[in-house]
Every structure is written in structure tokens, then in C-alpha cells.
Amino acid sequence: MSAPLPFEAAIPRRPLAVMAALPQELGDLVAAMRAEGGIETVTHGKRDYHVGTVHGAPCVVTLARVGKVAAAATASALIHAFDVEAVVFTGVAGGVGPTVRIGDIVVAESLMQHDMDASPLFPRFEVPLLGMSRFDADAPLTTALAAACEHFIDEEGAALSQRFLTEALPTVHRGLIISGDQFVASATSVDLLRAALPDALAVEMEGAAIAQVCYEYGVPCAIVRTISDTADAHAPVSFVSFLTEIAGTYSSGILRRFLAARG
Ligand code: SAH
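Let us look at the structure shown here.

Procedures and definitions
- Residues numbered from 1 in each chain as written.
- Predicted model: local features only at pLDDT ≥ 70, side-chain atom pairs only at ≥ 80, totals over all residues.
- Heavy atoms only, no water.
- Near = heavy atom within 4 Å.
- Polar contact = N/O pair within 3.5 Å; in protein donor to acceptor, adjacent residues only side chain to side chain.
- 1 Å grid on protein atoms, 1.4 Å probe; cavity = no way out; pocket = protein on both sides within 12 Å on 5 of 7 lines; lining within 4 Å.
- Sits in = over half its atoms within 2 Å of the grid points.
- Helix = DSSP H or I, 4+ residues; strand = E, 2+ residues; numbered from the N terminus.
- Buried < 20%, exposed > 50% of the residue type's maximum accessible area, 1.4 Å probe, protein only.
- Expected span 1.5 Å × (residues − 1).

## Some thoughts on the site of the ligand
- Among the 18 residues in the neighbourhood of the ligand, the closest are listed as Val-184, Met-205, Glu-206, Asp-229 and Phe-239.
- A distance of 2.6 Å is found between an oxygen atom of the ligand and a side-chain nitrogen or oxygen belonging to Glu-206.
- Take Asp-229: an N or O atom from its side chain is 2.7 Å from a nitrogen atom of the ligand.
- Among the detected pockets, the ligand sits in the largest pocket.

This is how it looks when you write it as C-alpha cells:
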């Protein structure tokens, strides 16, 4: 390896954005940042952006709150006000794919808005005037995130399934995540989504909005979702208990491994 050029040392590393919708989805990230040398908190557009280092990686950590507008506004602020190098989103989602179970992890390879429909003017799901319906997550970032998920399951999966009282170890899936401004909570609604988008693995309310903003600004993004429910009539109860009891363990365990590998 060649020696770094003298001016390289003077260029500060751009931070990574880590975002979630709800506080439980960030796990111990803000506490870990505080313990690691302090936090500078900047408030912008009614959101707190925590700037510091986590597991050796410079980060800006924030909560978007729920829905596509909140997610897009937050991603945009991360890009403009904090000049982030890339955006990573962590959170929970409803399982849609036939093999996706509660406690599994889905890492997005692409994302789309399942409630975008300007037909007959434009094809269903296409974002008008952009000519696209699917937005790719960044491949290297997604591979690194999926590797962190696999390590997490290898090391903590058995203990997690015991807590869930499930026999099988959680599985890491990669593929399509769909987003819309609805909490999907009925067999009819989830069946309609399956019929319209047969390769969808998970449904949530933010990912595709972040992917679109990142695409438009040329900023890499990656999205990881732990399955809290199966988007059917049990979803409200399953979602709340998963979010309060277990979502933080997943986010902390995945992000610790992902950030340490970058840092
Ligand atoms: N503020 C409320 C509502 C959260 S809405 C609360 O805390 O109870 C559900 C959140 O989890 C969204 O951010 C969404 O991205 C994700 N999610 C989990 N299961 C989902 C489902 N079945 N349908 C849509 N979004 C889901």
C-alpha cells in the first residue's frame, strides 16, 4: 500500500447518515455516540440531528418520524445540511414475501412506492416525470449491511429465537421493499400488494422515499428492516410488542457490526 499523500490527512471524512422512523429502531446508537466522545445536536426542521462518532465511524444520527414525506424531508436535510457520504436506514416492517417471517431481516436491493398511481397518465407505480418506479439501493453498502446482519444472526440469532419462542433461526433476505403512507394491517390489503408486486418481501412507510431522494442527489443508500408483523389483522399487536421488546436489540446488533467494519 502506498503512503497517503500529505493533503489527504487534512480532508475530513464525510459522515454517514443513520436514520430510523421511531426511537426504538435506533437501539443504543445515540447512547453509544455519547459514550464515544460526545454528541453535538443540531435541530433543523423540527428534527434533532446528532453528530459524532459511533463504533469508530463518523455519523449523523436522526429520527425521521413516520411516512414518506417525513423520510424524504429528513434525507434531503442530511444531504444538504450535513453533506453525508451515504444514508443507512434501520427499522421494522411488515413481512410480505411467502418465506418472510417475524424476526427475519430484509435488506433492500430495490425499493418502490406501492401507493404511487398516476395512471392512466403514467404507468401504475411510476414516479411521474422521473420515469422510474424502482430505485436501487447501493450495492456495496447493501452487501456490507447484509454481512453485518448475517454476523448478528450467527452470534445472537439462537438467543433471539429463544426470546421469540420460535424454532428456526432468523433468516436474512435481500430483495424488494415496498413503501407507502399506510400501516398495512389486513389480509385483504397484504394480498392485494402480493398480487400487484409478487417479488415484494416487506412493506413499510419510508424506504422508497429515501431511495428516491438519494437517487436524485447521487448519494448511496441502504435500508435494513426487521420483520415486526406480517401486515395482516395481527399486525397492530405484533408490531407494538416487537417494537417495544426487540427492535432495539436488532438495530443495535446490526449497526454495531456494520459501523465497526467501516470505522
Ligand atoms: N407512531 C406509531 C405508528 C408507527 S407506523 C407507533 O409508534 O405505534 C409503523 C412503522 O413501522 C412505520 O415507520 C413503518 O415503516 C413500519 N411498519 C411496520 N410494520 C408495518 C406494516 N405492516 N405496514 C406499514 N408499515 C409498517
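## Quick notes on unusual backbone geometry
- Here the bond from Ser-119 into Pro-120 is cis, since omega is 5°, no more than 30 degrees from zero.
- Among the structural elements, Pro-120 can be located in the loop between strand 6 (105-113) and strand 7 (135-136).
- Unusually for a residue other than glycine, Lys-46 sits at a positive phi of about 65°.
- By the element assignment, Lys-46 lies in the loop between strand 2 (40-44) and strand 3 (47-54).
- On the basis of relative accessible area, Lys-46 is assigned to the exposed category, the value being 72%.

## A short note on helix 7 (residues 247-262)
- Taking 1.5 Å of rise per residue, the 16 residues of helix 7 would be expected to cover 22 Å, and the 23 Å separating its terminal C-alpha atoms lies within 8% of that figure.
- Three or more residues of helix 7 are buried, namely Ala-247, Gly-248, Tyr-250, Ser-251, Ser-252, Gly-253, Ile-254, Leu-255, Arg-257, Phe-258 and Leu-259.

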